[in-house]
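A look at the structure
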Amino acid sequence: MQSTIATLTQFYQPDEIVDSFAYTNALLWLTAEIQQPLVHYWQLPQTVILGLLDQQLPALKTGLTTLNAAGYRTLLRNSGGLAVVADPGVLNVSLFLPAQRADYSIEAAYQLMTSYVQAVWPAWPIQAGEITHSYCPGAYDLSIAGQKIAGMSQRRTASALVIMLYLSVNGNQAQRGQLVQQFYQTSLAGQLDDRFPQVDPQVMTTMADQLHRPLTVQTVIQRFDTVLGQHGVVDRQKLPRLIAEPEFQAHLTHAYQQMRRRQERLK
(Lines give C-alpha, C1' and ligand atoms only; values in the text may rest on other atoms or scores of the structure.)
Protein backbone atom coordinates (compact mmCIF):
# COMPACT_ATOMS: atom_id res chain seq x y z
CA MET A 1 0.00 0.00 0.00
CA GLN A 2 1.38 3.41 -0.99
CA SER A 3 1.88 6.02 1.71
CA THR A 4 0.02 9.32 1.53
CA ILE A 5 1.87 12.64 1.51
CA ALA A 6 -0.30 15.61 2.43
CA THR A 7 0.57 19.04 0.98
CA LEU A 8 -0.37 22.62 1.78
CA THR A 9 0.34 25.71 -0.34
CA GLN A 10 0.16 29.22 1.18
CA PHE A 11 1.11 32.74 0.15
CA TYR A 12 1.12 35.00 3.18
CA GLN A 13 -0.03 38.60 2.93
CA PRO A 14 2.10 41.46 4.39
CA ASP A 15 0.21 41.40 7.70
CA GLU A 16 0.55 37.59 7.95
CA ILE A 17 4.32 37.11 7.77
CA VAL A 18 4.55 35.94 11.41
CA ASP A 19 2.08 33.16 10.53
CA SER A 20 4.71 31.44 8.37
CA PHE A 21 6.88 30.19 11.23
CA ALA A 22 3.88 29.75 13.51
CA TYR A 23 2.57 27.26 10.95
CA THR A 24 5.94 25.50 10.96
CA ASN A 25 5.66 24.90 14.71
CA ALA A 26 2.03 23.83 14.53
CA LEU A 27 2.67 21.51 11.57
CA LEU A 28 5.53 19.86 13.49
CA TRP A 29 3.00 18.98 16.17
CA LEU A 30 0.50 17.75 13.56
CA THR A 31 3.11 15.57 11.84
CA ALA A 32 3.79 13.71 15.08
CA GLU A 33 0.05 13.51 15.77
CA ILE A 34 -1.02 11.95 12.45
CA GLN A 35 2.27 10.08 11.77
CA GLN A 36 2.32 11.15 8.14
CA PRO A 37 4.78 13.08 5.95
CA LEU A 38 3.69 16.61 5.04
CA VAL A 39 5.01 19.15 2.56
CA HIS A 40 4.32 22.84 3.11
CA TYR A 41 4.93 25.16 0.14
CA TRP A 42 4.89 28.78 1.23
CA GLN A 43 5.85 32.27 0.15
CA LEU A 44 6.13 35.71 1.69
CA PRO A 45 5.92 39.21 0.24
CA GLN A 46 9.15 41.26 0.34
CA THR A 47 10.66 40.21 3.67
CA VAL A 48 14.13 39.72 5.14
CA ILE A 49 14.03 36.76 7.52
CA LEU A 50 16.66 37.17 10.25
CA GLY A 51 18.31 34.40 12.25
CA LEU A 52 18.86 34.48 16.00
CA LEU A 53 22.55 35.30 15.51
CA ASP A 54 21.63 38.52 13.71
CA GLN A 55 20.43 39.95 17.03
CA GLN A 56 24.11 40.31 17.99
CA LEU A 57 24.93 42.78 15.20
CA PRO A 58 26.30 45.95 16.85
CA ALA A 59 24.19 48.39 14.78
CA LEU A 60 21.20 46.14 14.08
CA LYS A 61 18.62 48.93 14.46
CA THR A 62 20.36 50.98 11.75
CA GLY A 63 20.51 47.94 9.49
CA LEU A 64 16.80 47.29 9.99
CA THR A 65 16.08 50.89 8.99
CA THR A 66 17.88 50.36 5.67
CA LEU A 67 15.78 47.25 4.98
CA ASN A 68 12.53 49.06 5.79
CA ALA A 69 13.57 51.99 3.56
CA ALA A 70 14.11 49.52 0.72
CA GLY A 71 10.52 48.29 1.11
CA TYR A 72 11.20 45.07 3.06
CA ARG A 73 9.55 43.85 6.22
CA THR A 74 11.69 41.98 8.74
CA LEU A 75 10.95 38.75 10.60
CA LEU A 76 13.05 37.12 13.33
CA ARG A 77 12.76 33.35 12.99
CA ASN A 78 12.97 30.91 15.88
CA SER A 79 16.16 29.21 14.71
CA GLY A 80 19.82 29.96 14.17
CA GLY A 81 21.43 31.01 10.94
CA LEU A 82 21.52 34.39 9.28
CA ALA A 83 19.48 36.70 7.06
CA VAL A 84 17.74 35.44 3.92
CA VAL A 85 15.44 37.23 1.48
CA ALA A 86 11.86 36.16 0.77
CA ASP A 87 9.73 37.61 -2.01
CA PRO A 88 7.30 36.30 -4.67
CA GLY A 89 10.19 34.78 -6.65
CA VAL A 90 11.39 32.64 -3.73
CA LEU A 91 9.67 29.36 -2.85
CA ASN A 92 9.95 27.83 0.62
CA VAL A 93 9.52 24.06 0.78
CA SER A 94 9.18 22.51 4.25
CA LEU A 95 9.33 18.71 4.40
CA PHE A 96 7.86 17.31 7.64
CA LEU A 97 8.53 13.73 8.72
CA PRO A 98 7.28 11.76 11.71
CA ALA A 99 10.62 10.72 13.20
CA GLN A 100 12.39 10.06 16.46
CA ARG A 101 15.60 12.02 16.99
CA ALA A 102 17.70 8.92 16.27
CA ASP A 103 15.95 8.15 12.97
CA TYR A 104 17.80 10.78 10.95
CA SER A 105 21.14 12.40 11.64
CA ILE A 106 21.35 16.12 10.80
CA GLU A 107 23.37 15.22 7.70
CA ALA A 108 20.94 12.49 6.62
CA ALA A 109 18.00 14.89 6.87
CA TYR A 110 19.78 17.49 4.74
CA GLN A 111 20.75 14.81 2.24
CA LEU A 112 17.10 13.81 1.95
CA MET A 113 16.11 17.33 0.90
CA THR A 114 19.15 17.56 -1.39
CA SER A 115 18.05 14.36 -3.16
CA TYR A 116 14.51 15.74 -3.43
CA VAL A 117 15.71 18.90 -5.23
CA GLN A 118 18.10 16.91 -7.44
CA ALA A 119 15.19 14.68 -8.47
CA VAL A 120 13.17 17.77 -9.50
CA TRP A 121 15.94 18.78 -11.95
CA PRO A 122 17.77 15.52 -12.70
CA ALA A 123 19.58 16.94 -15.75
CA TRP A 124 21.26 19.69 -13.73
CA PRO A 125 24.41 19.20 -11.60
CA ILE A 126 22.96 20.46 -8.32
CA GLN A 127 25.56 20.11 -5.57
CA ALA A 128 25.53 20.55 -1.79
CA GLY A 129 28.33 22.49 -0.09
CA GLU A 130 28.93 25.88 1.47
CA ILE A 131 29.00 28.90 -0.85
CA THR A 132 31.10 31.10 1.39
CA HIS A 133 30.11 34.60 0.27
CA SER A 134 26.40 33.88 -0.18
CA TYR A 135 23.91 35.13 2.36
CA CYS A 136 23.23 32.61 5.14
CA PRO A 137 26.05 30.29 4.01
CA GLY A 138 25.85 26.69 5.21
CA ALA A 139 27.30 23.25 4.57
CA TYR A 140 24.14 22.28 2.67
CA ASP A 141 23.81 25.24 0.35
CA LEU A 142 22.62 23.98 -3.03
CA SER A 143 24.41 25.34 -6.07
CA ILE A 144 24.99 24.91 -9.79
CA ALA A 145 28.50 25.62 -11.08
CA GLY A 146 29.40 27.43 -7.87
CA GLN A 147 26.33 29.70 -7.78
CA LYS A 148 23.90 29.16 -4.93
CA ILE A 149 20.25 28.56 -5.75
CA ALA A 150 18.96 27.37 -2.35
CA GLY A 151 19.69 27.07 1.35
CA MET A 152 18.39 24.80 4.11
CA SER A 153 17.71 24.62 7.82
CA GLN A 154 15.94 22.11 10.05
CA ARG A 155 14.03 21.86 13.30
CA ARG A 156 13.21 18.85 15.45
CA THR A 157 10.91 17.80 18.24
CA ALA A 158 11.01 14.48 20.09
CA SER A 159 8.83 12.85 17.43
CA ALA A 160 8.90 15.00 14.28
CA LEU A 161 11.39 16.68 11.98
CA VAL A 162 11.14 19.47 9.41
CA ILE A 163 13.74 20.27 6.75
CA MET A 164 13.15 23.77 5.38
CA LEU A 165 14.41 24.82 1.96
CA TYR A 166 14.32 28.24 0.38
CA LEU A 167 14.74 28.14 -3.39
CA SER A 168 15.37 31.19 -5.59
CA VAL A 169 13.05 30.42 -8.50
CA ASN A 170 13.08 33.73 -10.40
CA GLY A 171 13.49 37.46 -9.85
CA ASN A 172 16.49 39.74 -9.36
CA GLN A 173 18.94 37.68 -7.32
CA ALA A 174 21.70 40.28 -7.66
CA GLN A 175 19.41 42.86 -6.04
CA ARG A 176 18.61 40.43 -3.20
CA GLY A 177 22.31 39.89 -2.62
CA GLN A 178 23.03 43.63 -2.66
CA LEU A 179 20.25 44.19 -0.12
CA VAL A 180 21.75 41.70 2.35
CA GLN A 181 25.28 42.91 1.63
CA GLN A 182 24.26 46.46 2.55
CA PHE A 183 22.35 45.23 5.61
CA TYR A 184 25.45 43.57 7.07
CA GLN A 185 27.77 46.42 6.14
CA THR A 186 25.44 48.87 7.88
CA SER A 187 24.71 46.63 10.88
CA LEU A 188 28.38 45.86 11.52
CA ALA A 189 29.18 49.61 11.58
CA GLY A 190 32.76 49.09 10.42
CA GLN A 191 33.50 46.19 12.77
CA LEU A 192 34.97 42.90 11.55
CA ASP A 193 33.13 39.79 12.72
CA ASP A 194 33.60 36.50 10.89
CA ARG A 195 30.31 35.17 12.25
CA PHE A 196 28.59 37.28 9.59
CA PRO A 197 29.07 36.83 5.83
CA GLN A 198 30.80 39.26 3.50
CA VAL A 199 28.12 38.87 0.84
CA ASP A 200 29.10 38.78 -2.83
CA PRO A 201 25.90 38.99 -4.92
CA GLN A 202 27.68 37.27 -7.84
CA VAL A 203 27.82 33.88 -6.08
CA MET A 204 24.03 33.45 -6.06
CA THR A 205 21.55 32.89 -8.88
CA THR A 206 18.02 31.65 -9.64
CA MET A 207 16.79 28.48 -11.31
CA ALA A 208 15.21 30.57 -14.08
CA ASP A 209 18.60 32.15 -14.86
CA GLN A 210 20.27 28.73 -14.84
CA LEU A 211 17.64 27.31 -17.19
CA HIS A 212 17.79 30.42 -19.42
CA ARG A 213 14.03 30.52 -19.68
CA PRO A 214 11.04 31.82 -17.70
CA LEU A 215 10.10 29.71 -14.71
CA THR A 216 7.13 30.24 -12.39
CA VAL A 217 6.79 29.22 -8.77
CA GLN A 218 3.62 27.27 -9.63
CA THR A 219 5.54 25.24 -12.22
CA VAL A 220 8.18 24.42 -9.61
CA ILE A 221 5.54 23.30 -7.10
CA GLN A 222 4.11 20.99 -9.78
CA ARG A 223 7.58 19.52 -10.35
CA PHE A 224 8.06 18.93 -6.62
CA ASP A 225 4.62 17.27 -6.49
CA THR A 226 5.55 15.02 -9.42
CA VAL A 227 8.60 13.77 -7.51
CA LEU A 228 6.48 13.27 -4.37
CA GLY A 229 4.07 11.21 -6.46
CA GLN A 230 6.87 8.71 -7.09
CA HIS A 231 6.96 7.97 -3.34
CA GLY A 232 3.28 8.03 -2.41
CA VAL A 233 -0.15 9.47 -3.09
CA VAL A 234 -0.12 13.29 -3.02
CA ASP A 235 -3.15 14.55 -1.07
CA ARG A 236 -3.91 18.27 -1.43
CA GLN A 237 -7.27 18.16 0.41
CA LYS A 238 -6.39 16.70 3.81
CA LEU A 239 -4.21 19.48 5.25
CA PRO A 240 -6.57 22.37 4.41
CA ARG A 241 -9.23 20.44 6.38
CA LEU A 242 -6.97 19.58 9.32
CA ILE A 243 -5.65 23.11 9.83
CA ALA A 244 -9.24 24.30 10.28
CA GLU A 245 -9.77 21.90 13.21
CA PRO A 246 -9.97 23.49 16.70
CA GLU A 247 -7.02 21.47 18.08
CA PHE A 248 -4.70 22.59 15.30
CA GLN A 249 -5.91 26.16 15.65
CA ALA A 250 -5.08 26.07 19.37
CA HIS A 251 -1.51 24.97 18.61
CA LEU A 252 -1.26 27.59 15.86
CA THR A 253 -2.43 30.36 18.20
CA HIS A 254 0.15 29.36 20.81
CA ALA A 255 2.93 29.26 18.19
CA TYR A 256 1.80 32.62 16.80
CA GLN A 257 1.94 34.24 20.23
CA GLN A 258 5.48 32.90 20.73
CA MET A 259 6.54 34.33 17.38
CA ARG A 260 4.93 37.69 18.15
CA ARG A 261 6.88 37.91 21.41
CA ARG A 262 10.08 37.08 19.53
CA GLN A 263 9.50 40.00 17.14
CA GLU A 264 9.62 42.40 20.09
CA ARG A 265 13.39 41.85 20.15
CA LEU A 266 13.66 43.81 16.89
CA LYS A 267 12.12 46.94 18.42
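Everything discussed here concerns the structure shown above.
Now for a description of the structure that goes with this document. Note that the structure is a prediction, hence the values are computed from the model and not measured.

Once that is clear, we can look at the nonpolar core. Within the largest apolar cluster, 56 residues are counted, with the highest numbers of intra-cluster contacts made by Leu27, Phe183, Tyr184 and Phe248. With 10 residues, helix H1 (residues 17–34) is the largest single contributor of residues to this core. The residues contacting Phe248, other than those within four sequence positions of it, are Tyr23, Ala26, Leu27, Trp29, Leu30, Leu242 and Ile243. Counting 37 residues, the second-largest nonpolar core is a separate cluster that includes Ile149, Ala150, Leu167 and Leu215.

An order of E7-E8-E9-E10-E6-E2-E1-E11 is seen for the eight strands of this open sheet, with the pairing classed as mixed. This sheet does not close on itself; its edge strands, each paired only once, are strand E7 (126–128) and strand E11 (233–235). Adjacent strand axes in the sheet meet at a mean angle of 25 degrees, parallel and antiparallel pairs treated alike. Alignment of strand E9 (residues 147–156) against strand E10 (residues 160–168), held across seven bridges, turns out to be antiparallel. Its bridge partner being in E10, Arg156 is matched across the sheet by Leu161.

We now examine the sheet that holds strand E3 (residues 47–50). A sheet is described by the order of its strands in space; here three strands give the open sequence E4-E3-E5, paired in mixed fashion. Single-partner strands in this sheet number two, and they are strand E4 (73–76) and strand E5 (84–86). Sheet twist, expressed as the average angle between the axes of neighbouring strands with direction ignored, equals 30 degrees. Examined bridge by bridge, E3 and E4 share four bridges and lie parallel to one another. By the bridge assignment for E4, Leu50 is matched with Leu76. Running over the sheet, H1 touches E3 and E4 and is turned about 25 degrees from E4.

Here is what the cut-offs are and how they apply
- Residues numbered from 1 in each chain as written.
- Predicted model: local features only at pLDDT ≥ 70, side-chain atom pairs only at ≥ 80, totals over all residues.
- Heavy atoms only, no water.
- Core = buried A, V, L, I, M, F, W, Y, C linked by side-chain atoms within 4.5 Å.
- Buried < 20%, exposed > 50% of the residue type's maximum accessible area, 1.4 Å probe, protein only.
- Helix = DSSP H or I, 4+ residues; strand = E, 2+ residues; numbered from the N terminus.
- Contact = heavy atoms within 4.5 Å.
- Pairing = 2+ DSSP bridges.
- Axes fitted to C-alpha atoms, helices over the stretch in contact; angles between N-to-C directions.

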